Structures are given as C-alpha cells and as structure tokens.
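A look at the structure
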Amino acid sequence: MTAQLIDGNAIARQLRADVARRTAALKAKGITPGLAVILVGEDPASQVYVGKKVQACAEAGLHSVLEKYDATLSEADLLARVQALNADPAIHGILVQLPLPAHIDAHKVIEAIAPTKDVDGFHIASAGALMTGMPGFWSCTPYGCIKLLESTGIELRGKHAVVIGRSNNVGKPMALMLLQKNATVTICHSATRNLKAHTLQADVIVAAVGKPNTLTADMVKPGAVVIDVGMNRNAQGKLCGDVDFAGVREVAGWITPVPGGVGPMTVTMLLVNTLEAAERGLP
Ligand code: NAP
C-alpha cells in the first residue's frame, strides 16, 4: 500500500481563505480581529516564527502588532505589557513567543494573559477548558492535527489513537482532543516499554517526539493514519519529522509529510483562534 498524502499546505490554504472571508464579514461590522505578538530577545528561530505569524495575519486581513524587546527586558515590564494588551480593545489575541530569556518566568507571563485572549491555548484556563470539554482555545499545533485528521473523512469515534509524546504544548493536548473526538487514546513517552507493541494496535498515530525515525514501517498497522509533528534536522541538515516517511508510507493508509504537513497548520490555527476571539466578542 502507498499511503495517501495529507497535504497540510492545501488544507491550510483552505482554512486561511475561510479566515479571510470571515474576517471581511467582521470588518463590515466594524471589528478588525487583532493579534499582538511579543518577542523578547534575538533567538533566530523565534524571529522567523513571529515573522510568519505577522505575515499570515496581513494576508488574511487581520490586524497585528509585533512588539520586539531586548533580551534584558525585565519580567515586571513584560507583565505590564501583557496587562496593557489585555485591556486593549483592538487586540483579541495575545501571543508571547517562547522561549523567553532565563530571567523571566514563562509560566507567570502566560498566566498573565487574559484567558479570553489566550489564542495560543497555553494558559491553564485553556488547558482546563480542554480537559473538561468547556469552550476555550485549543493550542494551535494539536488543533491543526485534528483538522488534518478530519480532512481525511475518517471518523475518529471508536478508533484507537496512539500519541507518542506527552509535552504540555503538543502530546497532552493532542491526546485530550482525540479523546474529545471519542477516540480511545494511549499516550506513550520516553518511559514507555515496547513502543512498537502500542503503535501496532493504532488506527491513528501522532508522533510528537523530536527524534528522527522514532516511528518506522514495522511499527505501523497497515492502513493506519500517521501524523508527524516532529521538526528535526537529519544528518544531512535536511528538515525531517519523527517518522521514517519513505518506509511508513508503504504501510500506512494516510500520512503527513515533513515539511508540508503539520507545519503550515500551526500558524493557520492561530489565525482561526484570533478570529474566533474577535467573533466571541460580538453582541
Ligand atoms: P518535547 O517537549 O521535547 O517532548 C517530547 C516528548 O517525546 C516527551 O514527552 C518525551 O517523553 C517523548 N519522547 C522522547 N523520546 C521518546 C522515545 N524514544 N519514545 C517515546 N517518547 C519519547 O517536544 P514537543 O515540544 O512536544 O515537540 C515534539 C516535536 O514536535 C519536536 O520535533 C518539535 O520541534 C515539533 N513541533 C512541531 C510543531 C509544528 O508546528 N510542526 C510545533 C511544536 C512542536 P518524556 O515526557 O518522558 O520526556
């Protein structure tokens, strides 16, 4: 079997076109969805990420503000900026780019964001809302994976999903989202014994580990859906995921490539969340 490709670029394009349509409709009512992005320090990868976020906002018609600060910014000053943005009616979503410099408590900063503006979905209120099935913002990367899974038309209800990785930003929320979609969920991590025994049972596998070739063809049930969240560099310096793509695509039913799978969805879901934050404010 050669797996069908789940094209993250194409799905992201469709979703962004929908965001642009809904944004135009909101603007006609006098509301422009606004995102504030805060970057502290000079981390090169973070600079690229925030640039992409601001550009995506512009392309979809959202208002965005990029606040760049020197790495010496104090925690108190950053908290004051977050509070000011919480009170700013032109801003519906606030994103503080991580990692922050070591002298700033990232947890404290994220918790200072108003939950109604927590479009990254990292606030404890957002995590709690996801856990209890209440309305709230879903964090962007796992939310994007749900959209990719939905694009296949495969019903998640009753399926066995195995999530590899239990980080707070990907693995755990991914597992909770799959649970909310009525999948039966297994979470694997670095202390899991015999990972292969788990993945071979799975109808859906989400790999979010950060190590190339964590999932190989012998670990996949024929026809399974494989979502690769990993973003790694291989020995040749080429971008690759956690999945041995060439091998697994011969066994899986559906598979995401890297690049062009989960990657484009993360920024897309940030736009969706920001738009929805603005829509929620409607009378
Ligand atoms: P992380 O915080 O380092 O978490 C990695 C997880 O993998 C941990 O739970 C760890 O287990 C588990 N793990 C490590 N080795 C394992 C093994 N041999 N078998 C099973 N589980 C193992 O990483 P993350 O933030 O979740 O990110 C994971 C990957 O996704 C990275 O490559 C990252 O770059 C990528 N990512 C991509 C996007 C995107 O937009 N495409 C967004 C976010 C992240 P323990 O908990 O036991 O340590």
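In the vicinity of the ligand lie 20 residues, with Arg166, Ser167, Ser190, Lys211 and Thr266 positioned nearest. A distance of 3.3 Å separates an oxygen atom of the ligand from a polar atom in the side chain of Asn169. A distance of 3.4 Å separates an oxygen atom of the ligand from a polar side-chain atom of Asn232. In isolation the ligand offers 920 Å² of accessible surface; the protein chains occlude 70% of this area. Classifying every residue of the shell around the ligand gives 7 nonpolar, 11 polar and 2 charged.

Moving on: the state of the cysteines. Throughout the structure, instances matching the rule amount to 0 disulfides. Left unpaired, Cys240 is separated from the closest cysteine sulfur, that of Cys145, by 17 Å. With a relative accessible area of 15%, Cys240 lands in the buried category.

In this section: the domain arrangement of the chain. What the domain assignment reports for the chain is domain 1 (31-114) and domain 2 (139-262). The straight-line distance from the C-alpha centre of domain 1 to that of domain 2 is 29 Å.

A few words now on the pairing of strand S5 (residues 160-164). In terms of burial, S5 is largely enclosed, as 5 of its 5 residues are buried. Alternating positions in S5 separate into two faces, His160, Val162 and Ile164 on one and Ala161 and Val163 on the other, with burial throughout. Here 5 bridges tie S5 to strand S6 (residues 184-188), and the two strands are oriented parallel to one another. Bridge pairing links Ile164 to Cys188 in S6. Chirality of the crossover, the property in question, places the unit of S5, helix H7 (residues 171-180) and S6 among those that are right-handed. Sheet topology note: the S5/strand S7 (residues 204-207) ladder contains 4 bridges and is parallel. Across the sheet, Val162 pairs through a bridge with Ile205, a residue of S7.

On to the packing of aromatic side chains. How two aromatic rings sit relative to each other is set out by the distance from centre to centre and by the angle between their planes. Inspection of every chain in the model, using the stated rule, returns 1 aromatic pair. Looking at Arg280, its charged tip hangs above the ring of Phe137, at a distance of 4.2 Å from the centre.

Relative to the 24 Å expected for 17 residues at 1.5 Å per residue, helix H2 (residues 44-60) spans 25 Å between its end C-alpha atoms, a close match to the ideal helical length. Those residues of H2 not exposed but buried are Ser46, Val50, Lys53, Ala56, Cys57 and Ala60. For H2, the angular spread of the buried residues around the axis is 120 degrees, confining them to a single face. Counted as exposed and oriented over 90 degrees from the buried face of H2: Pro44, Ala58 and Glu59. Here the buried face of H2 lies against helix H1 (8-28), strand S2 (34-40), strand S3 (63-69), strand S4 (93-96) and helix H10 (263-280). Positioned one or two residues after H2, Gly61 has a phi angle of 90 degrees, which is positive.

For the rest of this paragraph, the subject is the side chain of Thr274. When you line up the elements, Thr274 lands in helix H10. Look at Thr274 and you get buried, because its relative accessible area is 0%. Aside from chain neighbours lying at most four places away, what touches Thr274 is Pro33, Gly34, Leu35, Leu62, His92, Gly93 and Val119.

All right, on to the pairing of S3 then. One face of the sheet, then the other: side chains in a regular strand alternate in exactly this way. As paired strands, S2 and S3 are joined by 7 bridges and run parallel to one another. Within S3, the residue paired with Val40 across the bridge is Tyr69. Running through H2, the crossover from S2 to the neighbouring parallel element S3 is right-handed.

Let's shift gears to a nonpolar patch on the surface. On the surface, Val48, Tyr49 and Met231 cluster together to form a nonpolar patch covering roughly 300 Å² of accessible area. Mapped onto the elements, Met231 comes out in the loop between strand S8 (225-228) and strand S9 (232-233). Using a relative accessible area of 53% as the deciding quantity, one classes Met231 as exposed.

Read across the sheet, 3 strands follow the order S3-S2-S4 without closing on themselves; strand pairing throughout is parallel. Looking at the sheet topology across the chains shown, the edges are occupied by S3 and S4. Strand after strand, the sheet turns through a mean of 15 degrees between neighbouring axes, direction not considered. The pairing of S2 with S4 spans 4 bridges and is parallel.

The rules behind the values
- Residues numbered from 1 in each chain as written.
- Predicted model: local features only at pLDDT ≥ 70, side-chain atom pairs only at ≥ 80, totals over all residues.
- Heavy atoms only, no water.
- Near = heavy atom within 4 Å.
- Polar contact = N/O pair within 3.5 Å; in protein donor to acceptor, adjacent residues only side chain to side chain.
- Areas by Shrake-Rupley, 256 points an atom, 1.4 Å probe, with all protein chains shown as cover.
- Nonpolar A, V, L, I, M, F, W, Y, C, P; charged D, E, K, R; others polar.
- Disulfide = S-S within 2.5 Å.
- Buried < 20%, exposed > 50% of the residue type's maximum accessible area, 1.4 Å probe, protein only.
- Domains from an automatic or database assignment.
- Helix = DSSP H or I, 4+ residues; strand = E, 2+ residues; numbered from the N terminus.
- Pairing = 2+ DSSP bridges.
- Right-handed = clockwise from strand over helix to strand, strands pointing away.
- Phe/Tyr/Trp six-rings, centres within 6.5 Å; stacked < 30°, edge-to-face > 60°.
- Lys NZ or Arg CZ within 6 Å of the ring centre and 35° of its normal.
- Expected span 1.5 Å × (residues − 1).
- Arc of directions from axis to C-beta.
- Contact = heavy atoms within 4.5 Å.
- Patch = residues over 30% accessible without salt bridge, like charges linked within 9 Å, V, L, I, M, F, W, Y side chains within 5 Å.
- Salt bridge = Lys/Arg side-chain N within 4 Å of Asp/Glu carboxyl O.
- Axes fitted to C-alpha atoms, helices over the stretch in contact; angles between N-to-C directions.

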